[in-house]
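Listed below are the residues making up each chain.
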Amino acid sequence: MSTIGRSLNRVSGAFWSRPSWRIRQTIRLAPAWVLLAVVAASTLYPMLFILFTSLKSVSEFATNPLGPPSEPTLGNIQEVLSRGLLGTNVLNSLLISTLTVVVVVTISCLAGFALAFLRFRLRRTILLGIVGLLIQPTALLMIPVVLIVSNLGLISTYLGIVLVYAGLGIPFGIYLMYSYMVTVPHEIIDAARVDGASTFQVLYRVAIPVVAPALGALATLSFIGWWNEFLFALLILQDGSQQTVIVALGSLQGEHFLHVPLVAAGMLFSIIPPLTVFVILHRRLFSGLTAGALK
Amino acid sequence: MSSLGGVARAQKTTENRATHRRRIDLSALFLLAPAVAILLVFRVAPMVYGAWISLHRWDGITDPKFVGLRNYSRLLADPNLLISLRNNVLLCAALIVGMIVPLVIAILLHNKIWGWQLFRLVFFFPAAISPLVIGLYWSAFLRSDGPFDVLLRTLRLDWLSHHLWLADPSTALPWIAVILIWSTFGVGVILFMAGIAGINPDLYDAATVDGANWFQSLRHVTVPGLMPIIIFWSIQLLIFSFTSLFAFIYALTGGGPGHSTSVIEFELYNAAFLGRFMGYGSAIGMFILLIVFALVALVMWRSGRRVEETSY
């Protein structure tokens, strides 16, 4: 542990320029590196396990659950495809999470802008309400939201689930946009106003460029989060033809809980899209996330 | 003439200010209307509706029957609910103590240890896949003949092998705690790394000059510098552990064996959608709201003082 501390005392940076110190440092941190590698193996292995297992037969999984398949088979993937998991459910997930991203990003951006730049009546009340909703435990919404969605005639519709997701997602979205926009110096807005810019010109020319990184982070985070959501999708999308891939995976597991390779094939389709989006956009996601949390 | 002009100008500016203000109110209304409408219908109204349902006995089909606070007294006497609540509290405590994992990792990665960017990316993977998939993966991984068992036997830990980790009440909950820490630590790493980067490096030099060892500089520089983030992340984990565990529990244990690994929202789901006790389910929902608000208020009240004490 002392290695951590010693390096901690030397974060000032001047030491990095000295290669000899760098080599010594690397050797000193070797045990820590091994520890990190073990943790990384634990977070990387699930992807391998899902890929390997989806290519195994039940009998091979029974004798070889850990490693790669010795006799790869596409049977599980074909079976999952024939259940419409790729066609219908993955397309449903894509549609629902993309629509949710558009709705959440647009609405959060407009509302965050109003709260940060305009001085209007009820501003503090609305701001307080949004912070309050950030700590509302959403589990309590299960029963009444299902009843409200059903009264609106939106059970098993794309619109129903997108509106529910928007309700769940926009308090954080507004908060993130707001905390970015309040950092814009007021002089810039005043200057734009003196130049005769309208409120909407200020939004497009000043505010949106400032929050662009946060917008990207919010869109990425929303896509991943709502692609992965299970509980409300299970409650709202009761009809198979509208169901997301995660709900379809839940019922696949329910019907074939002993057939691990088949479930793994379903898991494969559930993880590829969000992981791809994450790996491509992770830098933007990290910087937007941390800036939002630190403000 | 000049004085008259001044009056006219003054009148014009007040008029302008009033119309300007009205215009701002109008644009604010336009900008906020979609957000407020959705939040009222899908976040605020359900809360009020839930409070109303919780005072009734209702199967969701026939007419609701007013029963006063009977659902709440039933809730406090329900042994399964108390077990679930205890589980929530234990998992919440485990997650908050488990913050030590992302904290240590963030310190290591901050030192630009070889491959730190790749580590940071890979550690976030569990946070980028569905909780349902995480649950299904771990339940397959921990099967008595699954990959974990092969691993144990390879490491010559035969006495631990062929164990039903998630079906044994004494090991199921600790495993769920590990799985939850594993699912969230990647986010903690990102937050703590950003926090450490924001700490003034001179403070470490000053601590070293004062003769502080690594633990002392961790205790007196890193942790106080990270306090706002530690509090922020504790509150997030607290809310998470009382309201976002459904998919994990659903896929891992189904709340079993018995109710030994159930959590309070799982009981809510079962009461409402399997038992069709809408009133009782809603009372559980109100109870969760009460607990979370009380705990968040407690953390903010306690930390409000601490942040001031530790800030510099």
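Because the structure is predicted, anything quoted here is derived from the model rather than measured.

Novice: Quick question: what am I supposed to make of the overall build of chain B here?
Specialist: Along the backbone of chain B there are 14 helices and two strands. Taking 20 Å as the expected radius of gyration for a compact globule of 312 residues, we find that chain B reaches 27 Å, considerably beyond that expectation. Along the three orthogonal principal directions, the C-alpha set of chain B runs to about 105 × 75 × 35 Å. Expressed as a percentage of its 312 residues, the buried residues of chain B come to 51%. Of the roughly 14,700 Å² of accessible surface on chain B, 68% is carried by carbon and sulfur atoms. With 22 positive and 16 negative side-chain charges, chain B shows a spacing of 10 Å between the two charge centroids.

Novice: I tried to follow the packing of aromatic side chains on my own but got confused; where do I start?
Specialist: Aromatic ring pairs: the centre-centre distance and the angle between the two ring planes describe each pair. Residue and element names in this part refer to chain B. By the definition in use, this model includes 35 aromatic pairs over all chains. Seen from their ring centres, Phe-123 and Phe-185 are 5.3 Å apart, and the 50° between their planes marks the pair as tilted. One end of the pair, Phe-123, is in helix 5 (residues 116-123); the other, Phe-185, is in helix 9 (residues 169-197), with 62 residues separating them in the sequence. For Phe-123, a relative accessible area of 1% translates into the label buried. According to the relative accessible area criterion, Phe-185 is buried, its value standing at 3%. With centroids separated by 5.6 Å and ring planes inclined at 35°, the aromatic side chains of Phe-246 and Tyr-250 adopt a geometry described as tilted. Of this pair, Phe-246 and Tyr-250 both sit in helix 12 (residues 246-252), separated by four residues, roughly a single helical turn. Under the relative-accessibility criterion, Phe-246 is labelled buried at 2%.

Novice: Just to check I follow, could you spell out the interface of chain B and chain A for this structure?
Specialist: Many analyses report the size of an interface as the accessible area lost when the parts associate. Counting from both sides, the interface comprises 96 residues of chain B and, opposite them, 99 residues of chain A. Between chain B and chain A, the buried area comes to about 8,800 Å², and carbon and sulfur atoms account for 80% of it. The tally of links from chain B across to chain A stands at eleven residue pairs in polar contact (both at pLDDT 80 or more). Ranked by residue count, the leading element in the side of chain B that touches chain A is helix 1 (residues 2-53) of chain B, at 22 residues. Residues belonging to the side of chain B that touches chain A are distributed by class as follows: 73 nonpolar, 15 polar and eight charged.

Novice: Explanation requested: the nonpolar core in the structure shown.
Specialist: Judged by nonpolar contacts, the single largest core of 201 residues is most densely connected at B:Leu109 and B:Trp138. Counting residues per element, this core draws most heavily on helix 9 of chain B, at 16 residues. When near neighbours in sequence (up to four residues on either side) are disregarded, B:Leu109 contacts A:Leu36, B:Trp116, B:Phe119, B:Arg120, B:Phe123, B:Val189 and B:Met193.

Calculation notes
Residues numbered from 1 in each chain as written. Chains lettered and ligands numbered in written order. Predicted model: local features only at pLDDT ≥ 70, side-chain atom pairs only at ≥ 80, totals over all residues. Heavy atoms only, no water. Helix = DSSP H or I, 4+ residues; strand = E, 2+ residues; numbered from the N terminus. Rg over C-alpha atoms; globule rule 2.2 N^0.38 Å. Buried < 20%, exposed > 50% of the residue type's maximum accessible area, 1.4 Å probe, protein only. Areas by Shrake-Rupley, 256 points an atom, 1.4 Å probe, with all protein chains shown as cover. Lys, Arg positive; Asp, Glu negative; His and termini not counted. Charge placed at Lys NZ, Arg CZ, Asp CG, Glu CD. Phe/Tyr/Trp six-rings, centres within 6.5 Å; stacked < 30°, edge-to-face > 60°. Contact = heavy atoms within 4.5 Å. Buried area = accessible area lost by both parts, 1.4 Å probe. Polar contact = N/O pair within 3.5 Å; in protein donor to acceptor, adjacent residues only side chain to side chain. Nonpolar A, V, L, I, M, F, W, Y, C, P; charged D, E, K, R; others polar. Core = buried A, V, L, I, M, F, W, Y, C linked by side-chain atoms within 4.5 Å.

By themselves these figures say nothing about function.
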